[in-house]
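Below, each chain spelled out in residue letters.
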Amino acid sequence: MTVTKADVPVTTASNEPAGESEPVGSARSERLSALIQQHGALAVLVIVSLVASFSFDSFATGDNVSNMATSSAFLAIVALGMTFVIITGGIDLSVGSLFALGGVLAAWGSRHGTLVALLLPLLVCGLIGVVNGLLVAKSRLAPFIVTLAAMLGARGLLLAITDEGADTFLIGKGSVLAELGQGSTLGLGNPVWITLALFVAGAVVLRRTRFGQHVYAVGGNEDAAALMGAPVARTKILVYTLSGLLAGLAGALNAAWLASGVTILGSGMELEAISAVVIGGTLLTGGLGYVSGSLVGVLLLKVIQNVINQIGSLDSSYQQVVSGAFLAVVVIAQTWLGRRRQLM
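Residues numbered from 1 in each chain as written. Predicted model: local features only at pLDDT ≥ 70, side-chain atom pairs only at ≥ 80, totals over all residues. Heavy atoms only, no water.

Q: Mind showing me how you'd approach the overall build of the protein chain here?
A: The helix and strand inventory of the protein chain stands at 13 helices and two strands. Taken across its 344 residues, the protein chain has 44% of its residues classed as buried. Contacts spanning at least 24 positions in sequence make up 76% of the contacts within the protein chain whose residues lie at least 6 apart. Only carbon and sulfur atoms are counted for the fraction: they give 65% of the accessible area of the protein chain, which is about 17,200 Å². (Helix = DSSP H or I, 4+ residues; strand = E, 2+ residues; numbered from the N terminus. Buried < 20%, exposed > 50% of the residue type's maximum accessible area, 1.4 Å probe, protein only. Contact = heavy atoms within 4.5 Å. Areas by Shrake-Rupley, 256 points an atom, 1.4 Å probe, with all protein chains shown as cover.)

See below:
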């Protein structure tokens, strides 16, 4: 019997049929794209930190690392709440004003004890978050407009409490609240440990609870989530409430750290939080995000700011230029990776 060329099976170098290698390659490319999207910021953070450590003698010192960690803690807490909001496909522009309002309320309430100083900002800022969530979920108003109005309203309330910024409320140095913000444990400030505990809790809630599944479902496809029985409106209300609570808590801790309620803080903080969340791998379109990535995004922004300060010859405005450019690169990369994964 004569064997013709057509009778011989076509094989690849790996002895597999030629048609099977393409899906394997596509799966590997998809995993690589997902890995870059999730951990790309961490890789950049490690590289920048190593370069800065060899370039500047004071960068890797204990005092500098501790200061960076403490100053990052407040933005990280705000970014944690923002992560939940953005995963649902929303946005919260009010967190900067709520941060400042929370600090002033904590300083004002410290005259009546630590419990009042902590509960008052949580109550007021959490209530504003509830209103944001109700308007977004029930009235179906655009999150951008709703939270923009809340940002202006919270800033106005702040100015009313402080007599247009003329009054500054102080926190006693020996108080429990001051110790909470200024004390340290194992070489790290108490706000850092509180932040780490909140991020661990946030990761568990987002990944291991039904509420976390609903957050991803609502962000992925709101209509499909509703058809599957997910409580879409309740989920949105909860994430905006959480964002308000965390912004108020961050403001209270910052006031305890500074021993006063500073009225000018929080301006532009909402943009920093959004930048950190997006840099950490959370999609602005919703449905995909990581709590750990948001923490990495905050640290990366703070490290870049610290490096610019270490250089000394650059003006502080370059921090915003670099942060904005880096954010643009990340968004472009996310868009490209997302389209690449859809085509696979």
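Q: I keep staring at the environment of G251 and nothing clicks. Help me out?
A: Considering the arrangement of structural elements, one finds G251 in helix α10 (residues 232–258). Using a relative accessible area of 1% as the deciding quantity, one classes G251 as buried. With 151 residues separating them along the chain, G251 and A100 place their C-alpha atoms 5.8 Å apart.

Q: Looking at this structure, how should I read the pattern of salt bridges?
A: This structure, assessed with the given rule, holds two salt bridges. Salt-bridge contacts for E222 lead to K236; the nearest nitrogen and oxygen are separated by 2.9 Å. With E222 in helix α9 (residues 222–227) and K236 in helix α10, the pair connects residues that are 14 residues apart, well separated along the chain. Since its relative accessible area comes to 26%, E222 is described here as partly exposed. Here the residues in one salt-bridge network are R140, E222 and K236, joined through shared partners. (Salt bridge = Lys/Arg side-chain N within 4 Å of Asp/Glu carboxyl O.)

Q: How should I be thinking about the layout of surface pockets in this particular structure?
A: To locate leftover empty space, one rolls a probe as large as a water molecule over the atoms. Taken as a whole, the largest pocket spans an internal volume of roughly 810 Å³. Together, 28 residues line the largest pocket, and L75, S267, E272, K302 and Q305 are the ones closest to its centre. Elements that contribute at least two residues to the lining of the largest pocket include exactly α2 (62–87), α10, α11 (269–279), α12 (291–311) and α13 (317–343). Among the residues forming the lining of the largest pocket, the class breakdown is twelve nonpolar, 14 polar and two charged. (1 Å grid on protein atoms, 1.4 Å probe; cavity = no way out; pocket = protein on both sides within 12 Å on 5 of 7 lines; lining within 4 Å. Points joined across faces, edges and corners; volume = space filled by probe spheres on them. Nonpolar A, V, L, I, M, F, W, Y, C, P; charged D, E, K, R; others polar.)

Q: Looking at this structure, how should I read a nonpolar patch on the surface?
A: Together, L42, V46, L50 and F54 give the surface a local cluster of nonpolar side chains, amounting to about 420 Å² of exposed area. Relative to the elements of secondary structure, V46 occurs in helix α1 (residues 18–55). On the basis of relative accessibility, which here comes to 42%, the residue V46 falls in the partly exposed class. (Patch = residues over 30% accessible without salt bridge, like charges linked within 9 Å, V, L, I, M, F, W, Y side chains within 5 Å.)

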